[in-house]
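# Fold and geometry: a report
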Amino acid sequence: MWPAPSRPTAERPQTDTTTLFVVAKGPNRGRPLSAAGLRTVFRYHRERAVVPAGHPHALRHSFGTALAEAGVDLSVIQALMGHDHVDSSAAYIHLAPSLLREEFDAARARLRTRP
């Protein structure tokens, strides 16, 4: 079991900013989290987990792909990812060849059963 922290850091610090992600601890606690700060947090946890490679942006690709594989409409993915254009969201979707084959076969089966 993990030891309990000496002071709570699991909750969002009190802050006046409307920014979603803020610094959780240290001298900048409560200030908006910068891109460099996110990379630092990501690198720290990647090293602790002994994951040799990876970057925060890969999470966006995983998110877009997971939504597409779950059957979420591309326009909804676009809204969730905050893109202005559907083409931008489509670039984040990386479907496995087996899933593409399954979808293709299902579409052909639907065509064969049409009156």
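This is a predicted model, so every value here is computed, not measured.

Turning our eyes to something else, we now look at a nonpolar patch on the surface. A contiguous nonpolar surface patch, about 260 Å² in accessible area, is contributed by Phe 63, Val 76 and Leu 80. One can find Phe 63 in helix α2 (residues 56–69). Relative accessible area serves as the criterion here: at 37%, Phe 63 is assigned to the partly exposed category.

Our focus in this paragraph is the confidence of the model for the protein. In this model, the protein carries an average pLDDT of 86, and 91% of its residues clear a pLDDT of 70 or more. Within the protein, the lowest mean pLDDT, 85, falls on helix α5 (residues 97–112), and the highest, 93, falls on helix α3 (residues 74–81).

A word on α2. Taking 1.5 Å per residue as the helical rise, α2 with its 14 residues ought to reach 20 Å, and the 21 Å between its terminal C-alpha atoms agrees with that figure. The complete set of buried residues in α2 reads Pro 56, Gly 64, Thr 65 and Leu 67. Packed against the buried residues of α2 are α1 (35–48) and α3.

The interhelical angle for the contact between α2 and α3, taken along N-to-C directions, is 150°, at an axis separation of 10 Å. Comparing their axes, α3 and α2 come out roughly antiparallel. Crossing of α2 against α3: the hand is right-handed. Contacts between α2 and α3 involve Arg 60, Phe 63, Gly 64, Leu 67 and Ala 68 from the first element and Ile 77, Leu 80 and Met 81 from the second. Per-class residue counts for the contact of α2 with α3 are six nonpolar, one polar and one charged.

Calculation rules
- Residues numbered from 1 in each chain as written.
- Predicted model: local features only at pLDDT ≥ 70, side-chain atom pairs only at ≥ 80, totals over all residues.
- Heavy atoms only, no water.
- Patch = residues over 30% accessible without salt bridge, like charges linked within 9 Å, V, L, I, M, F, W, Y side chains within 5 Å.
- Areas by Shrake-Rupley, 256 points an atom, 1.4 Å probe, with all protein chains shown as cover.
- Salt bridge = Lys/Arg side-chain N within 4 Å of Asp/Glu carboxyl O.
- Helix = DSSP H or I, 4+ residues; strand = E, 2+ residues; numbered from the N terminus.
- Buried < 20%, exposed > 50% of the residue type's maximum accessible area, 1.4 Å probe, protein only.
- pLDDT = per-residue confidence, 0-100.
- Expected span 1.5 Å × (residues − 1).
- Contact = heavy atoms within 4.5 Å.
- Axes fitted to C-alpha atoms, helices over the stretch in contact; angles between N-to-C directions.
- Parallel < 35°, antiparallel > 145°, perpendicular 65-115°, else oblique.
- Left-handed = near helix turned anticlockwise from the far one by under 90°.
- Nonpolar A, V, L, I, M, F, W, Y, C, P; charged D, E, K, R; others polar.

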